[in-house]
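# Examining the three-dimensional arrangement
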Amino acid sequence: MALTPEEVRQVGTLARLALADDEIDRLTHQINDLLAQFARLQELDTDDVPPTSHAVPVRALLREDEVTPSLPQETVLALSPHIDEVLGGFIVPQVIGE
Amino acid sequence: MDEMLTRNASEIVAGIRRREWSAREVTDAFLGRIERVDARVRAFITVTPDRARRQADAIDARIAAGEPVGPLAGVPVALKDNLSTTGVETTCASQILRGYVPPYDATVVTRLEQAGAVFLGKVNLDEFAMGSSTENSGLFPTRNPWDLSRVPGGSSGGSAAAVAADMAPLSLGSDTGGSIRQPAAFCGLVGLKPTYGLVSRYGLVAFGSSLDQIGPLARTVEDAALCLTAIAGHDRRDSTSVPRETPDFTAGLNGHIEGLRLGVPQEYFAEGTAPGVRAAVVAAIGVLRGLGAEIVELSLPCTDYALAAYYIVAPAEASSNLARYDGVRYGNRAPVGDDHIGLFEKTRELGFGPEVKQRIMIGTYALSAGYYDAYYARAQKVRTLLRQEFDRAFAQVDALVTPTVPTTAFRLGEKSDDPLAMKLSDVCTIPANMAGIPGLSICCGFDPGGLPVGLQLMGPAFSEETLLRIADAYQKATDWHLRRPTL
(Lines give C-alpha, C1' and ligand atoms only; values in the text may rest on other atoms or scores of the structure.)
Protein backbone atom coordinates (compact mmCIF):
# COMPACT_ATOMS: atom_id res chain seq x y z
CA MET A 1 0.00 0.00 0.00
CA ALA A 2 2.04 2.96 -1.30
CA LEU A 3 1.20 6.62 -0.79
CA THR A 4 0.92 9.11 -3.64
CA PRO A 5 2.40 12.61 -3.37
CA GLU A 6 -1.17 13.97 -3.09
CA GLU A 7 -1.87 11.71 -0.13
CA VAL A 8 1.39 12.81 1.49
CA ARG A 9 0.32 16.43 1.05
CA GLN A 10 -2.98 15.59 2.74
CA VAL A 11 -1.14 14.02 5.71
CA GLY A 12 0.94 17.22 5.85
CA THR A 13 -2.26 19.22 6.19
CA LEU A 14 -3.39 16.97 9.05
CA ALA A 15 0.03 17.45 10.70
CA ARG A 16 -0.10 21.23 10.17
CA LEU A 17 3.05 21.27 8.03
CA ALA A 18 3.14 23.54 4.96
CA LEU A 19 5.45 21.25 2.97
CA ALA A 20 7.33 22.46 -0.11
CA ASP A 21 7.14 20.37 -3.31
CA ASP A 22 10.66 18.95 -2.96
CA GLU A 23 9.82 17.90 0.62
CA ILE A 24 6.69 16.13 -0.62
CA ASP A 25 8.84 14.13 -3.05
CA ARG A 26 11.42 13.24 -0.42
CA LEU A 27 8.79 12.29 2.17
CA THR A 28 6.78 10.21 -0.33
CA HIS A 29 9.86 8.04 -0.96
CA GLN A 30 10.86 7.81 2.68
CA ILE A 31 7.38 7.02 3.97
CA ASN A 32 6.83 4.37 1.31
CA ASP A 33 10.17 2.72 2.22
CA LEU A 34 9.06 2.55 5.83
CA LEU A 35 5.57 1.31 4.99
CA ALA A 36 7.20 -1.56 3.08
CA GLN A 37 9.05 -2.46 6.30
CA PHE A 38 5.84 -2.27 8.32
CA ALA A 39 4.24 -4.84 6.01
CA ARG A 40 6.18 -7.61 7.79
CA LEU A 41 4.13 -7.01 10.91
CA GLN A 42 1.20 -8.58 9.04
CA GLU A 43 3.13 -11.92 9.19
CA LEU A 44 2.42 -12.21 12.90
CA ASP A 45 -0.81 -13.67 14.21
CA THR A 46 -2.10 -11.02 16.61
CA ASP A 47 -5.81 -11.93 16.65
CA ASP A 48 -6.01 -12.83 20.35
CA VAL A 49 -3.21 -10.55 21.54
CA PRO A 50 -4.16 -7.61 23.74
CA PRO A 51 -2.46 -4.30 22.88
CA THR A 52 0.27 -2.79 25.10
CA SER A 53 0.03 0.97 25.42
CA HIS A 54 2.47 1.18 28.33
CA ALA A 55 5.14 -1.40 29.08
CA VAL A 56 4.75 -1.00 32.82
CA PRO A 57 1.10 -1.26 33.86
CA VAL A 58 -0.18 2.25 34.47
CA ARG A 59 -3.35 2.61 36.50
CA ALA A 60 -5.54 5.67 36.35
CA LEU A 61 -3.78 7.45 39.15
CA LEU A 62 -5.83 10.01 40.97
CA ARG A 63 -4.07 12.07 43.57
CA GLU A 64 -5.57 14.26 46.24
CA ASP A 65 -6.98 17.44 44.73
CA GLU A 66 -4.59 19.79 46.48
CA VAL A 67 -4.12 23.39 45.48
CA THR A 68 -0.41 23.99 44.83
CA PRO A 69 1.31 27.11 43.47
CA SER A 70 1.48 27.46 39.69
CA LEU A 71 3.72 29.66 37.55
CA PRO A 72 2.90 33.38 37.76
CA GLN A 73 1.14 34.74 34.66
CA GLU A 74 3.96 37.18 33.86
CA THR A 75 6.54 34.35 33.90
CA VAL A 76 4.55 32.44 31.30
CA LEU A 77 3.83 35.51 29.16
CA ALA A 78 7.56 36.32 29.18
CA LEU A 79 8.14 33.20 27.03
CA SER A 80 6.71 34.94 23.95
CA PRO A 81 7.26 38.36 22.42
CA HIS A 82 3.72 38.25 20.96
CA ILE A 83 1.71 39.23 24.01
CA ASP A 84 -0.87 41.73 25.08
CA GLU A 85 0.25 42.84 28.52
CA VAL A 86 -2.98 44.66 29.31
CA LEU A 87 -5.28 41.74 28.51
CA GLY A 88 -2.66 39.22 29.71
CA GLY A 89 -2.71 36.94 26.67
CA PHE A 90 -0.87 35.79 23.57
CA ILE A 91 -1.60 37.56 20.28
CA VAL A 92 -2.53 35.34 17.32
CA PRO A 93 -3.97 36.03 13.86
CA GLN A 94 -7.73 36.29 13.68
CA VAL A 95 -9.35 32.95 14.53
CA ILE A 96 -13.08 33.68 14.19
CA GLY A 97 -14.44 34.96 10.85
CA GLU A 98 -15.04 38.63 9.97
CA MET B 1 46.66 16.41 30.81
CA ASP B 2 45.36 17.75 34.09
CA GLU B 3 45.13 14.78 36.45
CA MET B 4 41.75 15.98 37.70
CA LEU B 5 40.17 15.25 34.33
CA THR B 6 40.95 11.54 34.57
CA ARG B 7 39.14 11.11 37.88
CA ASN B 8 35.78 9.41 38.12
CA ALA B 9 32.79 11.02 39.81
CA SER B 10 33.17 8.83 42.91
CA GLU B 11 36.85 9.82 43.26
CA ILE B 12 36.01 13.50 42.80
CA VAL B 13 33.40 13.41 45.60
CA ALA B 14 35.75 11.50 47.92
CA GLY B 15 38.51 14.06 47.38
CA ILE B 16 36.16 16.98 48.01
CA ARG B 17 34.93 15.40 51.25
CA ARG B 18 38.54 14.80 52.36
CA ARG B 19 39.38 18.39 51.35
CA GLU B 20 42.13 17.17 49.02
CA TRP B 21 40.72 19.49 46.40
CA SER B 22 37.83 21.92 46.23
CA ALA B 23 34.68 21.78 44.11
CA ARG B 24 35.85 25.04 42.54
CA GLU B 25 39.17 23.48 41.45
CA VAL B 26 37.32 20.52 39.95
CA THR B 27 34.85 22.75 38.11
CA ASP B 28 37.59 25.02 36.76
CA ALA B 29 39.54 22.00 35.50
CA PHE B 30 36.57 20.73 33.46
CA LEU B 31 35.57 24.23 32.25
CA GLY B 32 39.18 24.65 31.06
CA ARG B 33 39.05 21.34 29.23
CA ILE B 34 35.81 22.39 27.48
CA GLU B 35 37.52 25.61 26.40
CA ARG B 36 40.48 23.67 24.99
CA VAL B 37 38.82 20.80 23.13
CA ASP B 38 35.14 21.51 22.50
CA ALA B 39 35.81 23.59 19.39
CA ARG B 40 36.81 20.28 17.77
CA VAL B 41 34.26 17.93 19.40
CA ARG B 42 31.30 20.32 19.61
CA ALA B 43 29.43 18.53 22.37
CA PHE B 44 28.10 21.64 24.12
CA ILE B 45 25.27 23.85 22.90
CA THR B 46 25.43 26.06 26.01
CA VAL B 47 28.22 26.23 28.61
CA THR B 48 27.19 27.77 31.95
CA PRO B 49 30.51 28.68 33.68
CA ASP B 50 29.04 31.26 36.08
CA ARG B 51 26.30 28.97 37.28
CA ALA B 52 28.79 26.08 37.60
CA ARG B 53 31.20 28.16 39.71
CA ARG B 54 28.35 29.41 41.91
CA GLN B 55 27.21 25.83 42.56
CA ALA B 56 30.81 24.73 43.23
CA ASP B 57 31.41 27.62 45.63
CA ALA B 58 28.24 26.72 47.52
CA ILE B 59 29.54 23.16 47.98
CA ASP B 60 32.92 24.45 49.15
CA ALA B 61 31.19 26.78 51.63
CA ARG B 62 29.26 23.85 53.11
CA ILE B 63 32.44 21.77 53.39
CA ALA B 64 34.25 24.68 55.07
CA ALA B 65 31.36 25.09 57.53
CA GLY B 66 31.40 21.37 58.31
CA GLU B 67 27.87 20.94 56.93
CA PRO B 68 26.80 17.70 55.23
CA VAL B 69 27.00 17.52 51.41
CA GLY B 70 25.23 15.24 48.95
CA PRO B 71 26.48 12.04 47.28
CA LEU B 72 27.44 13.95 44.10
CA ALA B 73 28.96 16.96 45.88
CA GLY B 74 31.02 18.95 43.42
CA VAL B 75 30.69 16.50 40.51
CA PRO B 76 30.44 18.37 37.21
CA VAL B 77 27.59 17.08 35.01
CA ALA B 78 26.60 17.78 31.39
CA LEU B 79 22.85 17.75 30.67
CA LYS B 80 21.24 16.74 27.39
CA ASP B 81 19.54 19.80 25.95
CA ASN B 82 16.06 18.25 26.12
CA LEU B 83 16.08 18.47 29.93
CA SER B 84 14.38 21.64 31.17
CA THR B 85 16.61 23.98 33.16
CA THR B 86 15.30 27.14 34.82
CA GLY B 87 16.93 30.21 33.31
CA VAL B 88 19.14 28.21 30.90
CA GLU B 89 18.19 27.90 27.22
CA THR B 90 16.73 24.47 26.37
CA THR B 91 16.72 23.99 22.60
CA CYS B 92 16.25 20.25 21.93
CA ALA B 93 18.72 21.15 19.14
CA SER B 94 15.74 22.51 17.20
CA GLN B 95 15.32 25.87 15.52
CA ILE B 96 11.75 25.92 16.79
CA LEU B 97 12.98 26.12 20.43
CA ARG B 98 16.07 28.25 19.88
CA GLY B 99 16.06 30.92 22.56
CA TYR B 100 13.48 29.11 24.72
CA VAL B 101 14.35 29.51 28.41
CA PRO B 102 12.20 27.23 30.58
CA PRO B 103 10.63 28.63 33.76
CA TYR B 104 11.06 25.31 35.62
CA ASP B 105 13.55 22.47 36.20
CA ALA B 106 13.14 18.85 35.19
CA THR B 107 12.86 16.61 38.28
CA VAL B 108 16.21 14.97 37.46
CA VAL B 109 17.84 18.40 37.39
CA THR B 110 16.39 19.26 40.81
CA ARG B 111 17.49 15.90 42.22
CA LEU B 112 21.03 16.19 40.86
CA GLU B 113 21.33 19.67 42.29
CA GLN B 114 20.09 18.43 45.69
CA ALA B 115 22.76 15.70 45.49
CA GLY B 116 25.40 18.41 45.05
CA ALA B 117 26.08 18.16 41.31
CA VAL B 118 27.52 21.12 39.39
CA PHE B 119 26.02 21.83 35.94
CA LEU B 120 28.58 22.58 33.22
CA GLY B 121 25.97 23.20 30.54
CA LYS B 122 23.67 21.68 27.95
CA VAL B 123 24.83 19.22 25.30
CA ASN B 124 23.88 18.43 21.73
CA LEU B 125 21.43 15.83 20.43
CA ASP B 126 19.57 14.85 17.31
CA GLU B 127 16.69 17.31 17.02
CA PHE B 128 14.04 16.34 19.62
CA ALA B 129 16.14 13.18 20.26
CA MET B 130 15.19 11.73 16.85
CA GLY B 131 18.22 10.06 15.34
CA SER B 132 21.25 7.86 15.92
CA SER B 133 24.21 10.08 15.03
CA THR B 134 23.58 13.65 16.32
CA GLU B 135 23.79 14.69 12.64
CA ASN B 136 20.08 15.54 12.85
CA SER B 137 20.83 18.34 15.30
CA GLY B 138 19.24 21.51 13.97
CA LEU B 139 22.28 23.44 15.26
CA PHE B 140 25.52 21.56 14.37
CA PRO B 141 26.87 17.99 14.37
CA THR B 142 28.97 16.60 17.24
CA ARG B 143 32.08 14.49 16.60
CA ASN B 144 33.32 11.26 18.15
CA PRO B 145 36.39 11.92 20.37
CA TRP B 146 37.86 8.56 19.29
CA ASP B 147 37.88 9.66 15.63
CA LEU B 148 36.74 13.17 14.76
CA SER B 149 35.62 12.06 11.28
CA ARG B 150 33.01 9.79 12.90
CA VAL B 151 29.70 10.32 14.67
CA PRO B 152 29.38 9.97 18.45
CA GLY B 153 26.08 8.13 18.00
CA GLY B 154 22.76 9.57 19.05
CA SER B 155 20.54 10.92 19.99
CA SER B 156 22.53 11.62 23.21
CA GLY B 157 25.69 12.23 21.16
CA GLY B 158 26.68 15.36 23.06
CA SER B 159 26.25 13.58 26.40
CA ALA B 160 28.55 10.76 25.24
CA ALA B 161 31.15 12.95 23.51
CA ALA B 162 31.42 15.25 26.55
CA VAL B 163 32.33 12.36 28.87
CA ALA B 164 34.53 10.54 26.34
CA ALA B 165 36.53 13.75 25.75
CA ASP B 166 36.98 14.29 29.53
CA MET B 167 34.89 17.47 29.43
CA ALA B 168 32.63 16.02 32.17
CA PRO B 169 32.93 12.90 34.33
CA LEU B 170 29.18 12.29 34.10
CA SER B 171 26.25 13.27 31.92
CA LEU B 172 22.54 12.66 31.54
CA GLY B 173 20.93 11.46 28.35
CA SER B 174 17.49 10.20 27.36
CA ASP B 175 16.70 6.92 25.62
CA THR B 176 13.59 6.25 23.51
CA GLY B 177 15.02 3.53 21.23
CA GLY B 178 18.69 3.37 22.24
CA SER B 179 19.65 7.04 22.54
CA ILE B 180 21.75 6.52 25.70
CA ARG B 181 23.15 3.04 25.00
CA GLN B 182 24.10 3.48 21.33
CA PRO B 183 26.21 6.65 21.86
CA ALA B 184 27.70 5.08 25.02
CA ALA B 185 28.77 2.13 22.84
CA PHE B 186 30.17 4.36 20.08
CA CYS B 187 32.17 6.41 22.62
CA GLY B 188 33.40 3.60 24.90
CA LEU B 189 31.27 4.50 27.93
CA VAL B 190 28.74 3.08 30.35
CA GLY B 191 25.18 4.07 29.44
CA LEU B 192 22.06 2.99 31.32
CA LYS B 193 18.44 3.15 30.22
CA PRO B 194 16.47 2.45 33.39
CA THR B 195 13.19 0.54 33.64
CA TYR B 196 10.28 2.65 32.38
CA GLY B 197 8.91 4.47 35.41
CA LEU B 198 12.07 4.32 37.57
CA VAL B 199 13.18 7.88 36.74
CA SER B 200 10.72 10.77 36.51
CA ARG B 201 10.20 12.21 33.02
CA TYR B 202 8.86 15.52 34.36
CA GLY B 203 10.66 18.29 32.48
CA LEU B 204 12.09 15.97 29.81
CA VAL B 205 10.80 17.34 26.50
CA ALA B 206 8.56 14.50 25.36
CA PHE B 207 9.31 12.40 22.25
CA GLY B 208 7.69 8.95 22.71
CA SER B 209 6.04 9.13 26.11
CA SER B 210 5.58 5.38 26.60
CA LEU B 211 9.23 4.73 25.68
CA ASP B 212 11.31 7.69 26.98
CA GLN B 213 13.58 7.27 30.01
CA ILE B 214 16.38 9.46 31.38
CA GLY B 215 19.63 7.83 32.44
CA PRO B 216 23.36 8.36 33.10
CA LEU B 217 26.44 8.12 30.88
CA ALA B 218 29.73 7.65 32.70
CA ARG B 219 33.10 5.92 32.43
CA THR B 220 32.55 3.51 35.29
CA VAL B 221 29.60 1.43 36.39
CA GLU B 222 30.05 2.77 39.91
CA ASP B 223 29.53 6.35 38.66
CA ALA B 224 26.42 5.32 36.72
CA ALA B 225 25.07 3.65 39.87
CA LEU B 226 25.86 6.75 41.95
CA CYS B 227 23.98 8.94 39.49
CA LEU B 228 21.01 6.56 39.19
CA THR B 229 20.65 6.52 42.98
CA ALA B 230 20.38 10.31 42.91
CA ILE B 231 17.82 10.61 40.08
CA ALA B 232 15.59 7.55 40.59
CA GLY B 233 12.41 7.50 42.62
CA HIS B 234 8.73 8.31 42.54
CA ASP B 235 7.62 11.77 41.46
CA ARG B 236 4.02 12.90 41.75
CA ARG B 237 4.57 15.14 38.71
CA ASP B 238 5.00 12.09 36.44
CA SER B 239 1.93 9.86 36.58
CA THR B 240 3.91 6.99 35.04
CA SER B 241 6.64 7.08 37.67
CA VAL B 242 6.40 3.98 39.84
CA PRO B 243 5.97 4.34 43.62
CA ARG B 244 8.83 2.18 44.85
CA GLU B 245 11.63 2.53 47.34
CA THR B 246 14.92 3.52 45.69
CA PRO B 247 17.86 1.34 46.73
CA ASP B 248 21.47 2.52 46.90
CA PHE B 249 22.50 1.19 43.50
CA THR B 250 26.20 1.25 44.46
CA ALA B 251 25.66 -1.09 47.43
CA GLY B 252 25.61 -4.36 45.49
CA LEU B 253 28.72 -3.78 43.36
CA ASN B 254 30.74 -6.59 44.91
CA GLY B 255 32.24 -8.18 41.80
CA HIS B 256 30.43 -11.48 42.35
CA ILE B 257 28.30 -12.95 39.59
CA GLU B 258 28.88 -16.65 40.27
CA GLY B 259 25.81 -18.72 39.47
CA LEU B 260 23.98 -16.00 37.53
CA ARG B 261 22.38 -17.32 34.35
CA LEU B 262 23.02 -15.11 31.31
CA GLY B 263 21.09 -15.63 28.08
CA VAL B 264 22.63 -15.03 24.65
CA PRO B 265 19.83 -14.55 22.09
CA GLN B 266 20.94 -15.54 18.57
CA GLU B 267 18.75 -12.91 16.86
CA TYR B 268 20.98 -10.15 18.24
CA PHE B 269 23.95 -11.50 16.27
CA ALA B 270 22.27 -11.21 12.85
CA GLU B 271 23.93 -10.92 9.45
CA GLY B 272 24.72 -7.20 9.68
CA THR B 273 26.86 -7.61 12.81
CA ALA B 274 30.40 -6.36 12.11
CA PRO B 275 33.11 -9.03 12.66
CA GLY B 276 34.97 -6.75 15.09
CA VAL B 277 31.81 -6.28 17.16
CA ARG B 278 31.03 -9.99 17.17
CA ALA B 279 34.58 -10.88 18.22
CA ALA B 280 34.62 -8.39 21.12
CA VAL B 281 31.18 -9.43 22.37
CA VAL B 282 32.00 -13.15 22.18
CA ALA B 283 35.22 -12.49 24.12
CA ALA B 284 33.27 -10.51 26.75
CA ILE B 285 30.81 -13.39 27.15
CA GLY B 286 33.89 -15.56 27.78
CA VAL B 287 35.02 -13.18 30.52
CA LEU B 288 31.58 -13.35 32.17
CA ARG B 289 31.70 -17.15 32.00
CA GLY B 290 35.16 -17.03 33.58
CA LEU B 291 33.68 -14.98 36.43
CA GLY B 292 31.29 -17.82 37.18
CA ALA B 293 28.19 -16.93 35.17
CA GLU B 294 26.36 -19.69 33.35
CA ILE B 295 25.85 -18.88 29.66
CA VAL B 296 22.59 -20.06 28.06
CA GLU B 297 21.96 -19.75 24.32
CA LEU B 298 18.37 -18.94 23.46
CA SER B 299 16.11 -17.54 20.76
CA LEU B 300 13.88 -14.43 20.78
CA PRO B 301 12.16 -14.55 17.36
CA CYS B 302 9.98 -11.45 17.96
CA THR B 303 13.17 -9.34 17.93
CA ASP B 304 12.91 -9.20 14.14
CA TYR B 305 9.60 -7.36 14.38
CA ALA B 306 10.56 -4.87 17.10
CA LEU B 307 12.12 -2.30 14.76
CA ALA B 308 9.07 -2.07 12.49
CA ALA B 309 6.68 -1.84 15.45
CA TYR B 310 8.87 0.83 17.06
CA TYR B 311 8.81 2.94 13.89
CA ILE B 312 5.04 3.06 14.19
CA VAL B 313 4.70 3.55 17.96
CA ALA B 314 7.46 6.15 18.43
CA PRO B 315 6.43 8.44 15.52
CA ALA B 316 2.76 8.12 16.50
CA GLU B 317 3.56 9.36 19.99
CA ALA B 318 5.95 11.97 18.60
CA SER B 319 3.37 13.38 16.17
CA SER B 320 1.03 13.86 19.10
CA ASN B 321 3.68 15.27 21.47
CA LEU B 322 5.05 17.70 18.89
CA ALA B 323 1.60 19.09 18.06
CA ARG B 324 2.24 21.59 20.88
CA TYR B 325 4.85 23.50 18.84
CA ASP B 326 2.61 26.01 17.13
CA GLY B 327 4.51 29.25 17.77
CA VAL B 328 1.78 30.67 19.98
CA ARG B 329 2.96 30.54 23.59
CA TYR B 330 6.70 29.86 23.43
CA GLY B 331 9.37 28.89 20.94
CA ASN B 332 9.85 30.60 17.62
CA ARG B 333 7.02 31.92 15.48
CA ALA B 334 7.15 32.24 11.69
CA PRO B 335 7.16 35.91 10.67
CA VAL B 336 4.15 35.43 8.37
CA GLY B 337 0.86 33.60 8.61
CA ASP B 338 -2.42 34.88 7.22
CA ASP B 339 -4.64 33.10 9.69
CA HIS B 340 -4.05 30.90 12.72
CA ILE B 341 -3.75 27.71 10.63
CA GLY B 342 -1.24 29.47 8.38
CA LEU B 343 0.68 30.56 11.47
CA PHE B 344 0.89 26.96 12.73
CA GLU B 345 1.82 25.51 9.33
CA LYS B 346 4.54 28.04 8.55
CA THR B 347 5.99 28.00 12.07
CA ARG B 348 6.29 24.22 11.96
CA GLU B 349 7.56 24.18 8.37
CA LEU B 350 10.39 26.59 9.24
CA GLY B 351 11.09 25.31 12.76
CA PHE B 352 11.39 21.53 12.29
CA GLY B 353 14.19 19.72 10.45
CA PRO B 354 13.74 16.92 7.87
CA GLU B 355 13.94 13.95 10.26
CA VAL B 356 11.42 15.45 12.69
CA LYS B 357 9.03 16.20 9.83
CA GLN B 358 9.38 12.65 8.54
CA ARG B 359 8.48 11.19 11.93
CA ILE B 360 5.55 13.57 12.43
CA MET B 361 4.26 12.56 9.00
CA ILE B 362 4.59 8.81 9.63
CA GLY B 363 2.95 9.16 13.02
CA THR B 364 0.11 11.28 11.69
CA TYR B 365 -0.52 8.78 8.90
CA ALA B 366 -0.35 5.74 11.22
CA LEU B 367 -2.93 7.34 13.52
CA SER B 368 -5.23 8.64 10.79
CA ALA B 369 -8.74 7.33 10.21
CA GLY B 370 -8.79 4.05 8.30
CA TYR B 371 -5.17 3.12 9.02
CA TYR B 372 -5.15 2.97 12.81
CA ASP B 373 -5.89 -0.77 13.02
CA ALA B 374 -3.45 -1.73 10.28
CA TYR B 375 -0.53 0.14 11.85
CA TYR B 376 -0.83 1.52 15.37
CA ALA B 377 -3.12 -1.12 16.86
CA ARG B 378 -1.05 -3.91 15.31
CA ALA B 379 2.20 -2.40 16.55
CA GLN B 380 0.75 -2.26 20.07
CA LYS B 381 -0.08 -5.96 19.83
CA VAL B 382 3.42 -6.78 18.59
CA ARG B 383 4.63 -4.92 21.67
CA THR B 384 2.69 -7.37 23.82
CA LEU B 385 4.28 -10.31 21.99
CA LEU B 386 7.73 -8.81 22.62
CA ARG B 387 7.00 -8.37 26.32
CA GLN B 388 5.71 -11.92 26.63
CA GLU B 389 8.81 -13.24 24.90
CA PHE B 390 11.07 -11.34 27.31
CA ASP B 391 8.99 -12.65 30.25
CA ARG B 392 9.56 -16.22 29.09
CA ALA B 393 13.30 -15.57 28.66
CA PHE B 394 13.61 -14.07 32.14
CA ALA B 395 11.93 -17.15 33.61
CA GLN B 396 15.07 -19.00 32.43
CA VAL B 397 17.88 -16.44 32.81
CA ASP B 398 18.76 -13.51 35.07
CA ALA B 399 19.87 -11.23 32.23
CA LEU B 400 20.50 -11.16 28.47
CA VAL B 401 23.87 -10.34 26.87
CA THR B 402 24.00 -8.89 23.34
CA PRO B 403 25.94 -6.38 21.25
CA THR B 404 24.62 -2.84 21.89
CA VAL B 405 24.95 -1.89 18.21
CA PRO B 406 25.77 -4.17 15.25
CA THR B 407 28.62 -1.85 14.19
CA THR B 408 31.10 0.64 15.64
CA ALA B 409 30.83 4.40 14.99
CA PHE B 410 30.28 5.30 11.33
CA ARG B 411 31.57 8.35 9.46
CA LEU B 412 29.67 11.63 9.36
CA GLY B 413 27.47 11.63 6.28
CA GLU B 414 27.85 7.88 5.74
CA LYS B 415 24.22 7.06 6.53
CA SER B 416 22.48 10.42 6.38
CA ASP B 417 20.98 9.75 2.95
CA ASP B 418 19.71 6.31 3.92
CA PRO B 419 17.16 6.61 6.75
CA LEU B 420 16.66 2.85 6.91
CA ALA B 421 20.38 2.09 7.35
CA MET B 422 20.51 4.70 10.11
CA LYS B 423 17.52 3.16 11.87
CA LEU B 424 19.15 -0.32 11.79
CA SER B 425 21.74 1.10 14.19
CA ASP B 426 19.06 0.78 16.91
CA VAL B 427 17.98 -2.78 16.14
CA CYS B 428 19.50 -4.23 19.36
CA THR B 429 18.41 -1.42 21.67
CA ILE B 430 14.78 -0.83 20.61
CA PRO B 431 13.33 -4.04 22.15
CA ALA B 432 14.15 -2.88 25.72
CA ASN B 433 12.21 0.36 25.20
CA MET B 434 9.25 -1.48 23.69
CA ALA B 435 9.15 -3.85 26.69
CA GLY B 436 9.98 -1.15 29.27
CA ILE B 437 12.90 -3.18 30.66
CA PRO B 438 16.33 -1.81 31.65
CA GLY B 439 19.29 -1.92 29.27
CA LEU B 440 22.90 -1.12 30.06
CA SER B 441 25.83 -0.74 27.66
CA ILE B 442 29.50 -1.06 28.63
CA CYS B 443 32.66 -0.94 26.57
CA CYS B 444 33.86 -4.50 25.89
CA GLY B 445 36.81 -3.86 23.59
CA PHE B 446 37.83 -2.18 20.35
CA ASP B 447 37.48 -3.16 16.72
CA PRO B 448 40.55 -3.48 14.47
CA GLY B 449 40.13 0.22 13.58
CA GLY B 450 40.51 1.20 17.24
CA LEU B 451 36.85 2.10 17.76
CA PRO B 452 34.99 1.10 20.95
CA VAL B 453 32.51 -1.80 20.96
CA GLY B 454 29.46 -1.90 23.25
CA LEU B 455 28.13 -4.88 25.18
CA GLN B 456 24.46 -4.66 26.17
CA LEU B 457 22.91 -6.23 29.26
CA MET B 458 19.11 -6.40 29.59
CA GLY B 459 17.09 -7.69 32.52
CA PRO B 460 13.51 -7.85 33.76
CA ALA B 461 11.81 -4.65 34.97
CA PHE B 462 13.59 -3.15 38.01
CA SER B 463 16.62 -5.46 37.74
CA GLU B 464 19.07 -2.51 37.61
CA GLU B 465 20.97 -3.80 40.65
CA THR B 466 21.71 -7.10 38.90
CA LEU B 467 22.70 -5.44 35.59
CA LEU B 468 24.99 -2.99 37.41
CA ARG B 469 26.58 -5.83 39.41
CA ILE B 470 27.33 -7.82 36.24
CA ALA B 471 28.72 -4.77 34.44
CA ASP B 472 30.82 -3.76 37.44
CA ALA B 473 32.21 -7.28 37.79
CA TYR B 474 33.19 -7.09 34.10
CA GLN B 475 34.94 -3.75 34.60
CA LYS B 476 36.78 -5.09 37.66
CA ALA B 477 38.07 -7.97 35.51
CA THR B 478 39.02 -5.89 32.43
CA ASP B 479 40.53 -2.50 31.65
CA TRP B 480 38.81 -1.39 28.43
CA HIS B 481 37.03 1.41 30.33
CA LEU B 482 40.38 2.92 31.33
CA ARG B 483 41.44 3.62 27.72
CA ARG B 484 41.10 7.19 26.56
CA PRO B 485 41.05 8.85 23.16
CA THR B 486 43.85 11.30 22.34
CA LEU B 487 42.58 14.74 21.47
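To be clear, the structure that these remarks concern was listed above.
Residues numbered from 1 in each chain as written. Chains lettered and ligands numbered in written order. Predicted model: local features only at pLDDT ≥ 70, side-chain atom pairs only at ≥ 80, totals over all residues.

## Some details on the overall build of chain A
Secondary structure assignment for chain A yields three helices and two strands. For chain A, the N- to C-terminal ordering of α and β elements is α-α-α-β-β. In summary, chain A has a C-alpha radius of gyration of 23 Å against a globular reference of 13 Å for 98 residues, an excess of more than 25%. Each principal axis of the C-alpha distribution contributes one length, and for chain A these read about 60 × 45 × 25 Å. (Helix = DSSP H or I, 4+ residues; strand = E, 2+ residues; numbered from the N terminus. Rg over C-alpha atoms; globule rule 2.2 N^0.38 Å.)

## A look at the interface of chain B and chain A
Across the boundary between the two partners, chain B contributes 53 residues, which contact 41 residues of chain A. Of all the elements in the fold, those that place two or more residues in the side of chain B that touches chain A are α9 (303-321), α10 (340-351), α11 (354-367), α12 (373-396), α13 (419-424) and α14 (430-435) of chain B. A total of 11 residues in the side of chain B that touches chain A trace back to one element, the largest contributor, which is α12 of chain B. (Contact = placed C-beta atoms within 7 Å.)

## Details of unusual backbone geometry
Residues and elements named next belong to chain B. Residues Gly154 and Ser155 are joined by a peptide bond in cis, for which omega reads 10 degrees. Its location among the elements puts Ser155 in the loop between β3 (118-123) and α5 (157-164). One non-glycine residue, Phe128, lies in the positive phi region at around 55 degrees. Of note, Phe128 is situated in the loop between β3 and α5.

## Some points on the packing of α9 of chain B against α11 of chain B
Residues and elements named next belong to chain B. At a minimum axis separation of 7 Å, α9 and α11 run at an interaxial angle of 100 degrees. Considering their axes alone, α9 and α11 lie roughly perpendicular with respect to each other. Contact with α9, carried on its side by Ile312, Pro315, Ala316, Ala318 and Ser319, involves Arg359, Ile360, Ile362, Gly363, Thr364, Ala366 and Leu367 of α11 and no other residues of that element. (Axes fitted to C-alpha atoms, helices over the stretch in contact; angles between N-to-C directions. Parallel < 35°, antiparallel > 145°, perpendicular 65-115°, else oblique.)

## Thoughts on the packing of helix α2 (residues 23-41) of chain B against helix α3 (residues 49-64) of chain B
Each pair of packed helices can be described by the angle between their axes along with the distance between the axes. Residues and elements named next belong to chain B. Running from N to C, α2 and α3 cross one another at 160 degrees; their axes reach a closest spacing of 8 Å. Taken together, the axes of α2 and α3 lie roughly antiparallel to each other. Along this stretch, α2 crosses α3, giving a crossing that reads as right-handed. From α2, Ala23, Arg24, Thr27 and Leu31 reach across to α3, where they touch Pro49, Ala52, Arg53, Ala56, Asp57, Ile59 and Asp60. Class assignment for the residues of the contact of α2 with α3 results in six nonpolar, one polar and four charged. (Left-handed = near helix turned anticlockwise from the far one by under 90°. Nonpolar A, V, L, I, M, F, W, Y, C, P; charged D, E, K, R; others polar.)

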